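Analysis of the macromolecular model
Listed here are the chains, written in short residue letters.
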Amino acid sequence: MNLLDRLHCPDCKARLAPVSTNELNCTACGRTIAVADEIADFVGLAVPGPYDPHRYGADPAIGEAPIGDLLNRVRKAAGTRWPNYLGEVLELGCGVGQMTESLLSAVPMRGLLAVDTALANSRSCRNRLPSRSGTDETPVSFATLSGQQDAIRDAVADTVLGVDVIGRIGDLRAFLATVHRVLKPGGRAWFVVQNRRYRQALCQAMAEALVQAFARDRTWPTETHAAIGVLARSRLLLVHQGDVEFLNNVDQKHVFDSEVLEELAKEVGFATAEMIPLAPDPLGAEAARSLCESAGLSEDFAMEMAPLTASAGRLFFELLGRQDSSHSMLLWLTKGTGPRVQVFSARPKPPPVGFTNANTAAGGPAPRWCVELLARDTPAGVTLRVGGWCLANADVRWVRLTIDGVAANAPVWRPRPDVHEVVNVAGLYHSLNALCSGLEADLLFEGVHPAGGRCPFRLEIVLASGLILMGPAPEAIAMDEPLVISQ
């Protein structure tokens, strides 16, 4: 099956026909699709940004971590589910072609279509592969697409796959529905995804390991700030999980609870959906080492952190079930061979919390914070520089600041090891929350202007549970005067 048998016009779904070696043309509406280096470029000049929720694949400027023997681990985890023949294969988010190369060298298939959003990635993937000129070679086609473009024909693939692509997609339901549509009846899809519960335990364990090393040596290990930066980015994702609007501004948008992703896949029509541990690591040592190395930290630091994490994090990892024993999971989906009616009931809503005082939900000692503010009047409105820190045993999502009735949020996640040193010396707060308690944001209150150099003001602490703590603050904030609010 060649490229034109797999793709159609994204506007009217009609067939595409070659005009020249550099151009395809829709036979119905006349839309033109450029072909660059044998890559059908449906994206063209409208390239989604690196954080776009419709992007397939990673930002070429960031690059990709080596995948090593990932294909072997996928096949081992799949077990008897792995077919003898993959048939027609569609790879979404092929990146620079690491998995593409592994598949072509080890797995029999009829043909492969490699898709990415970035033309640079598709070129790298194509150049990575050996020459496909032999008559016995698997034919490989390339296309650049985004999740907003419906250019893949229905039921053209026996196998659909992707590595670290689902976590970058904004609308998961629409993505999985597309995968279901392009699969042939009886086909299968698999994706490598990250496990939320394991990531949470890993971050808590690594934070505790750093804190224990500091208590032992009375100094932070080398590269601590960079390591806390890794934890802080993970904590940002974990605390704001499900907030699509906010996470559109970051590259990785999702980590997954197994049962939630399984249920979503079944809701869009898959006959089976299973989340399988890809590489069980119940103590977190290997996961900690890999996370450090993928973040560019030195091998010496990674090797030091691995046993510390396994020792300090035992309490956290013992809370995980067998299905959550791996940082990466294999989502394995199959499409039924005929019509099937399924009825799903929505997840029950949680009962009312019922707290009379939001501080009750913070756990342990009372939350503390030191918020540094500087407001200025600009033509667009009041701008507010926010710094400082906010610490609680419960996860804090935002420091919400309201000026003259207009609210804006400053996320709490920046690395602040000094907060642990000074405020958490007795260990009353969770290590991860203390190390990643920093505030740093520039907020615009559009259309708001002071009267007499001052504006009405309110400060609130928003927990991840949705509860709100009212913070002590002056009734008004003055322009160009630094303000520090401590609790």
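Data block above holds the structure.
All of the points below concern the structure found in this document. Along each chain, residues carry numbers from 1 onward, in the same order as the chain's sequence is written. Totals for whole chains, interfaces and linings use all residues, but because this is a predicted model, local features are given only for residues with pLDDT of at least 70 and pairs of side-chain atoms are given and counted only at 80 or more. No hydrogens and no water enter the side-chain calculation; it runs on all heavy atoms of the structure.

1. A word on the packing of helix H6 (residues 196–217) against helix H7 (residues 224–239)
- Fitting a line to C-alpha atoms yields each axis, with helices limited to the stretch in contact; the angle taken between N-to-C directions then spans 0 to 180 degrees. Numbered from the N terminus, helices here are DSSP runs of H or I no shorter than four residues, and strands are runs of E no shorter than two. It is at 10 Å that the axes of H6 and H7 come closest, and there the two elements cross at 150 degrees. With respect to H7, the element H6 is oriented roughly antiparallel. Considering only the axes of H6 and H7, their crossing is left-handed. Taking contact as the criterion, the partners of Arg196, Arg199, Gln200, Cys203, Met206, Ala207 and Leu210 in H6 are, on H7, Thr224, Ala227, Ile228, Leu231, Ser234, Leu237 and Leu238.
- The residue inventory of the contact of H6 with H7, partitioned by class, reads nine nonpolar, three polar and two charged. By the definition adopted for this analysis, an angle is roughly parallel if under 35 degrees, roughly antiparallel if over 145, roughly perpendicular if from 65 to 115, and oblique otherwise. A crossing counts as left-handed when the near helix is turned anticlockwise from the far one by less than a right angle, and as right-handed when that turn is clockwise. A contact between two residues is defined here by any heavy atoms of the two lying within 4.5 Å. Residues are sorted three ways: Asp, Glu, Lys and Arg are charged, Ala, Val, Leu, Ile, Met, Phe, Trp, Tyr, Cys and Pro are nonpolar, and all the rest, Gly among them, are polar.

2. With respect to the sheet that holds strand E1 (residues 16–20)
- The pairing criterion is simple: DSSP has to find at least two bridges between the two strands. Taken in spatial order, the eleven strands line up as E1-E2-E3-E4-E7-E6-E5-E8-E9-E11-E10 in an open sheet, and their pairing is mixed. Looking at the sheet topology across the chains shown, the edges are occupied by E1 and strand E10 (272–277). With strand direction ignored, the average angle separating the axes of adjacent strands in the sheet is 20 degrees.
- Looking at chain direction, strand E9 (residues 183–194) and strand E11 (residues 328–334) are connected through seven bridges and run antiparallel. Of the residues in E11, the one forming a bridge with Phe191 is Leu331.

3. Section: the sheet that holds strand E16 (residues 438–446)
- Strands sit in the order E16-E13-E12-E20 across an open sheet of four strands; the sheet is antiparallel. Both outer strands of the open sheet, E16 and strand E20 (483–486), are each paired with one neighbouring strand and no more. The sheet shows a mean angle of 20 degrees between the axes of neighbouring strands, direction not considered.

4. Describing the packing of helix H2 (residues 70–78) against helix H3 (residues 98–106)
- In contact at an axis separation of 9 Å, H2 and H3 are set at 65 degrees when each is read in the N-to-C sense. Between H2 and H3, the angle falls in the class roughly perpendicular. Only Met99, Ser102, Leu103 and Ala106 of H3 make contact with H2, whose side of the interface consists of Leu70, Leu71 and Arg75.
- Partitioned by chemical class, the residues of the contact of H2 with H3 number five nonpolar, one polar and one charged.

5. Topic: the side chain of Gln200
- Relative to the assigned elements, Gln200 resides in helix H6.
- Throughout, exposure labels follow a simple rule: accessible area from a 1.4 Å probe, protein chains only, divided by the maximum for the residue type, with under 20% read as buried, over 50% as exposed, and the rest as partly exposed. On the basis of relative accessibility, which here comes to 18%, the residue Gln200 falls in the buried class.
- Those residues in contact with Gln200 that sit more than four places away from it in its chain are Leu238 and Leu432.

6. Concerning the nonpolar core
- We define a nonpolar core as any set of buried Ala, Val, Leu, Ile, Met, Phe, Trp, Tyr and Cys residues linked to one another through side-chain atoms lying within 4.5 Å. Of all hydrophobic cores here, the largest spans 47 residues; its most connected members are Val160, Ile166, Phe175, Leu176 and Phe191.
- Among the elements that make up this core, the one with the highest residue count is helix H5 (residues 172–182) (five residues).
- One finds Cys203, Leu210, Phe214 and Leu297 within the second-largest nonpolar core, a separate group that totals 42 residues.

7. Digging into the pattern of salt bridges
- Any Lys or Arg side-chain nitrogen found within 4 Å of a carboxyl oxygen on Asp or Glu counts as a salt bridge. Under the defined criterion, the tally for this structure stands at 29 salt bridges.
- Of the charged contacts, one joins Asp257 and Arg197 as a salt bridge, the two residues approaching to 4.0 Å between their closest N and O atoms. With Asp257 in the loop between helix H8 (244–247) and helix H9 (258–267) and Arg197 in helix H6, the pair connects residues that are 60 residues apart, well separated along the chain.
- The class for Arg197 is partly exposed, based on a relative accessible area of 24%.
- Here Asp324 ties to Arg197 by a salt bridge, and the two come within 3.1 Å at their closest N and O atoms. Of this pair, Asp324 sits in the loop between helix H12 (314–317) and E11 while Arg197 sits in helix H6, and the two are 127 residues apart along the sequence.
- Salt bridges here are not isolated pairs; linked through shared partners, they connect Arg196, Arg197, Asp257, Glu259 and Asp324.

8. Notes on unusual backbone geometry
- Its identity is not glycine, yet Glu38 carries a phi of approximately 65 degrees, on the positive side.
- Looking at where Glu38 falls in the secondary structure, it is placed in the loop between strand E3 (32–36) and strand E4 (39–41).
- Unusually for a residue other than glycine, Ala155 sits at a positive phi of about 50 degrees.
- Within the secondary structure, Ala155 is located in the loop between strand E7 (140–144) and strand E8 (157–163).
- Ala155 sits in the partly exposed class, given a relative accessible area of 35%.

9. Some points on the packing of aromatic side chains
- Side-chain rings of Phe, Tyr and Trp (the six-membered ring for Trp) are treated as a pair once their centres are within 6.5 Å; stacked means planes under 30 degrees apart, edge-to-face means over 60, and tilted covers the remaining angles. Under the criterion given, the structure shown has seven aromatic pairs.
- Ring plane angle 65 degrees and centroid distance 6.1 Å describe the contact between Tyr56 and Phe175, whose orientation is recorded as edge-to-face. Pair noted here: Tyr56 is in the loop between E4 and H2 and Phe175 is in helix H5, with a separation of 119 residues, a long-range link. Assigned by exposure class, Tyr56 and Phe175 land together as buried.
- Consider the rings of Phe246 and Trp398, whose centres lie 4.9 Å apart with planes at 90 degrees: the pair is edge-to-face. Taken together, the positions of Phe246 in helix H8 and Trp398 in strand E14 (residues 396–403) put the pair 152 residues apart, joining distant regions of the chain.
- Residue Phe246 is classed as buried on the basis of its relative accessible area of 17%.
- Residue Trp398 is classed as buried on the basis of its relative accessible area, which comes to 9%.
- Counting every residue linked through ring pairs, the aromatic cluster contains Tyr56, Phe175 and Phe191.

10. What about the side chain of Arg188?
- Looking at where Arg188 falls in the secondary structure, it is placed in strand E9.
- In this tally, Lys and Arg are treated as positive and Asp and Glu as negative; His is ignored, and so are the chain termini. One buried charged side chain, Arg188, makes no salt bridge at all; its nearest oppositely charged neighbour is Asp158, positioned 5.5 Å away.

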